[in-house]
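The residues making up each chain are set out below.
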There are 2 protein chains.
Amino acid sequence: MTTKSKIAPDLLERLVRSVGREHVVEGAEELDWAGRSACGTFNGRADLLVRPGSTAELSEVVRVCVDGRMPMVPQGGNTGLAGGATPFGTGGEVVISLSRMRALRQLDIENATITVEAGLTLSEVRTYADRAGLLYPVGLGSEGSCQIGGNIATNAGGTQVLRYGNVRPQVLGLEVVLPDGRIWDGLRSLRKDSAGYDMKQIFIGSEGTLGFITAAVLRLQPRPSDVAAAFVAAPNPAAALKLLSAARGRLGEAVTAFELMRREAIDLTLAVRPELRMPIEHLHDWYVLVEVAGQGDPGGLEPELEAVLASALEEGLIVDAALARSNAQRLAMWELREWKAEAQKAAGPGVKHDVSVPVSSIPRFLAEADAALENALPGIRHFAFGHLGDGNIHYNPIAPAGWTAVDLDPHRARINEIVHDIVARFGGSISAEHGIGRLRSDELRRRKSEVEYDMMRAIKGTFDPFGLMNPGKVVA
Amino acid sequence: MTTKSKIAPDLLERLVRSVGREHVVEGAEELDWAGRSACGTFNGRADLLVRPGSTAELSEVVRVCVDGRMPMVPQGGNTGLAGGATPFGTGGEVVISLSRMRALRQLDIENATITVEAGLTLSEVRTYADRAGLLYPVGLGSEGSCQIGGNIATNAGGTQVLRYGNVRPQVLGLEVVLPDGRIWDGLRSLRKDSAGYDMKQIFIGSEGTLGFITAAVLRLQPRPSDVAAAFVAAPNPAAALKLLSAARGRLGEAVTAFELMRREAIDLTLAVRPELRMPIEHLHDWYVLVEVAGQGDPGGLEPELEAVLASALEEGLIVDAALARSNAQRLAMWELREWKAEAQKAAGPGVKHDVSVPVSSIPRFLAEADAALENALPGIRHFAFGHLGDGNIHYNPIAPAGWTAVDLDPHRARINEIVHDIVARFGGSISAEHGIGRLRSDELRRRKSEVEYDMMRAIKGTFDPFGLMNPGKVVA
């Protein structure tokens, strides 16, 4: 520990007594690292990084920060795409990392629940569940480094929301350190509980602005024993939507993923990953990756999916389709879905949107947004993919060919405005699964109704009267 | 309208202007009716009954009540079992009925959502969904009279929670009149929305203490095309639990209901409904009604369920089983499940508990509660049934044979204390699905941790600073 911190020495000493000298970090390198989001978009060096090893230690740390009126930035894997876990670097901030709190507290197979501390990565939680013969049904690209506390704080989404929902319905109980340092033990493992207000709902999705999530009880699911997938070409999003209805009508909850990709997104993926093979000829404008999973004997779902696709072909809802005939083929299909971020980056600067609209409005949303952008910025390249079954599209137009970020910068706000105005007209959301963080907090204020924003502010003021919990994020 | 109300004439006149003279009700008969819960347990005559016909009218009514500092009791079907919609009758209360707000605002088949006003009954909502080829997957005994607003306000449960969850996950959007009369339009139809705090969660399950739910967007599900059921005898609850794991392992989410009934509950059901036939010989201590449903061809699930039961028989998890070979047989099995309230009433006075514990703790909970009650009150008769798959048991011991209510009354508090103490030891809930209302608000205060109760109180104070929304219910 060096002594260049601007934090008062008595407070520093109390922090050291709470968590141990090696976990009160002032080194520039570590602070820089903690101040940079994994996606590279957000930066800001805090004055201090504190790493409590237990809920009790965190509680003490929070009390010290409150006494010193020091803003606290809770941090997990810092993989968020809205900067919710990244400090602003404006001075005085303390990053409080949950990454040392990594205990598996309980695994109750008959109750199908797992109790974990916030610092475990998503993939560790999934592995614990898997070893018990169960499934934790949240899957994210960053699962090797994102932490479960951050997943809960952002109500993360992913590719299996269609079947299992976001993180919210997985959470049965929470342990939280409140902004005044008190510990709330809400670690109940109950499927049903109507005894009073369901306080955990307040913290899920609050992005660290109302307290620190330190541990959670998560629901586990039966692990599917059978899975089938297909890569499909559809004439347009409306037809893809009808395929979704048909698949759900026939296969119900077995439909686990329904991922839409437009032609341009596939083009650019193949450009950065030329070794990937299209399972069908690449002649079409829209593709869908459908996955179904169930508990029956392996191989049972494939003919069911095939039957759905055969009818869809006959009805003109799709124009081509390939079933995955092996697990390797299925994973290869997922590769075509997964490399979107890299494909996009390689293609040039762009503007990302994580929007949702009612599922039934997706075709009109896409048509209107495409037309409006082409009109506003001729030559703009379309790039969109996402979770059609959830109404959630990552609508990320890329600047005209040859443009640099400097060329695009003056147009960013306008592009954003155009897309989000159309989203608003369809009653949609400007953040379907990435959260608000620091990225969209100003826009949230502009776009929420006064009544709703007032309620949010009231909640914030009630829980965090000094405004020390992740200030500047989500709500002013 | 007579003029015997204690409400100031100018306020009465404003109410009349807001909703029309015929919907400001002061008649003793109507007030008595509105003051009596459907279950007959709760009574209390309000000073006034007001029936707004629209959200705008309700908003005006609330402003009048706030100006007059008149406590408001929101009321739907008044079918709740905790008295949450029933006035205390201590003077000054205004019952505000939502029953005139009955519009189907929207049915979006491709988005699989329905937008309804609070006063529609559950069965009307189910019928609308059904006519569109979809399912609203909440089923309650009172569905013909309970209202959808009340279902949401109490986060109601029912027999299909195992598969679909309580009401909470069905709700995508809400319209609420706040305790100050402002209208919050949160009627979004989105599957995913991480834009700010999820304010609707605050109102779901708040039992009318934070605002009036006037309309909601509800998620609909594919309607199952295949259903199978079996009536099973198990040697004990632990074995029944293993059967549940086996069934979910093989059939996953297809397992829709898993209802446990103890011998005594069957005995008393057969006593009041002697025409009912047991599908298997009535020689056993524990029975389970299992139902599975899916999207496949009719008849496809029956052999699957049969296979699960055959293995369970072999492993000794069950001792007898009958599959429903027709829809009539299936409905007859449900009749054995449904008549519990009547059976119980006919058998004599009892003490009802709507408790939940972790599913894995159900066998130990039952064993400990049984033993403790036998010890405290020799001759007490066991009566229990419930949703084993949700860990939710209606544990309703009946007084020794021949006792009257007067005999039992001095023991009620002690019985309640014994049962709920054991529930607490298992980390359970004193209200799994019926809510707190006025029935358990004192007990909630005693049993919640100080931190949790403080948070509840803070939320209440933030939304309802004058304490006019359903005062005395849920939280003090």
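Everything numeric here is computed off the predicted structure, so don't read it as measured data.

Draft legend 1. Representation of the pairing of strand β9 (residues 183-186) of chain A. Residue and element names in this part refer to chain A. Side-chain alternation along β9 places Trp184 and Gly186 on a buried face and Ile183 and Asp185 on a face that remains uncovered. Examined bridge by bridge, strand β8 (residues 171-177) and β9 share four bridges and lie antiparallel to one another. Its bridge partner being in β9, leucine 174 is matched across the sheet by glycine 186.

Draft legend 2. Representation of the relation of the copies chain A and chain B. Structural alignment of chain A on chain B gives an RMSD of 0.0 Å, achieved by rotating through 180° and translating 0.0 Å along the axis. Given the turn and translation reported, the copies of this chain are related as if by a two-fold rotation axis. Taking C-alpha positions as the reference, the residue of chain A nearest the rotation axis is A:Gln201, at 3.1 Å.

Draft legend 3. Spotlight on the sheet that holds strand β2 (residues 48-50) of chain A. Residue and element names in this part refer to chain A. Taken in spatial order, the four strands make up an open sheet running β1-β2-β4-β3, and their pairing is mixed. A single partner strand is all that each edge strand has here, and the edge strands are β1 (24-25) and β3 (72-75). Here β1 runs beside β2; their pairing, made up of two bridges, is antiparallel. Each residue of the ladder has a partner; that of valine 25, found in β2, is leucine 49. Strands β2, β3 and β4 (94-97) of the sheet are contacted by helix α3 (residues 55-67), whose axis makes an angle of about 170° with β4.

Draft legend 4. Representation of helix α8 (residues 237-251) of chain A. Residues and elements named next belong to chain A. Here α8 spans 20 Å end to end across 15 residues, near enough to the 21 Å set by a 1.5 Å rise per residue. All of the buried residues along α8 are Pro237, Ala239, Ala240, Leu241, Leu243, Leu244, Ala247, Arg248 and Leu251. Just downstream of α8 lies glycine 252, where phi reads positive at about 55°.

Draft legend 5. Highlighting the side chain of B:His284. Residue and element names in this part refer to chain B. Here histidine 284 shows up in the loop between α9 (263-272) and β14 (286-294). With relative accessibility at 16%, the residue histidine 284 sits in the buried group. Non-local contacts of histidine 284, meaning those with residues more than four positions away in its chain, are made with Ala233, Arg263, Val319 and Asp320.

Draft legend 6. Main features of the packing of helix α1 (residues 9-19) of chain A against α3(A). All names here are of chain A. Taken N-terminus to C-terminus, the directions of α1 and α3 make an angle of 175°; their axes are 9 Å apart at the nearest point. Classified by the angle between their axes, α1 and α3 sit roughly antiparallel to one another. Here Leu11, Arg14, Leu15, Ser18 and Val19 of α1 come into contact with α3, specifically with Glu57, Glu60, Val61, Arg63, Val64 and Asp67. A class-by-class count of the residues in the contact of α1 with α3 yields five nonpolar, one polar and five charged.

Draft legend 7. Broad picture of a nonpolar patch on the surface. Residues A:Leu104, A:Leu107 and A:Ile109 make up a contiguous nonpolar surface patch of about 220 Å² in total accessible area. Assessed through its relative accessible area of 30%, A:Leu104 is described here as partly exposed.

Draft legend 8. The arrangement of the sheet that holds strand β5 (residues 104-108) of chain A in detail. Residue and element names in this part refer to chain A. Strand order in the open sheet formed by five strands is β5-β6-β10-β8-β9, with antiparallel pairing between adjacent strands. Because the sheet does not close on itself, it has two edges, and the strands there are β5 and β9. Strand-to-strand twist in this sheet, taken as the mean axis angle between neighbours without regard to direction, amounts to 10°. Packed onto the sheet, α3 meets β5, β8, β9 and β10 (212-219) and runs at close to 45° relative to β8.

Criteria and thresholds
Residues numbered from 1 in each chain as written. Chains lettered and ligands numbered in written order. Predicted model: local features only at pLDDT ≥ 70, side-chain atom pairs only at ≥ 80, totals over all residues. Heavy atoms only, no water. Buried < 20%, exposed > 50% of the residue type's maximum accessible area, 1.4 Å probe, protein only. Helix = DSSP H or I, 4+ residues; strand = E, 2+ residues; numbered from the N terminus. Pairing = 2+ DSSP bridges. Least-squares fit on C-alpha atoms with pLDDT ≥ 70 in both. Contact = heavy atoms within 4.5 Å. Axes fitted to C-alpha atoms, helices over the stretch in contact; angles between N-to-C directions. Expected span 1.5 Å × (residues − 1). Parallel < 35°, antiparallel > 145°, perpendicular 65-115°, else oblique. Nonpolar A, V, L, I, M, F, W, Y, C, P; charged D, E, K, R; others polar. Patch = residues over 30% accessible without salt bridge, like charges linked within 9 Å, V, L, I, M, F, W, Y side chains within 5 Å. Areas by Shrake-Rupley, 256 points an atom, 1.4 Å probe, with all protein chains shown as cover. Salt bridge = Lys/Arg side-chain N within 4 Å of Asp/Glu carboxyl O.

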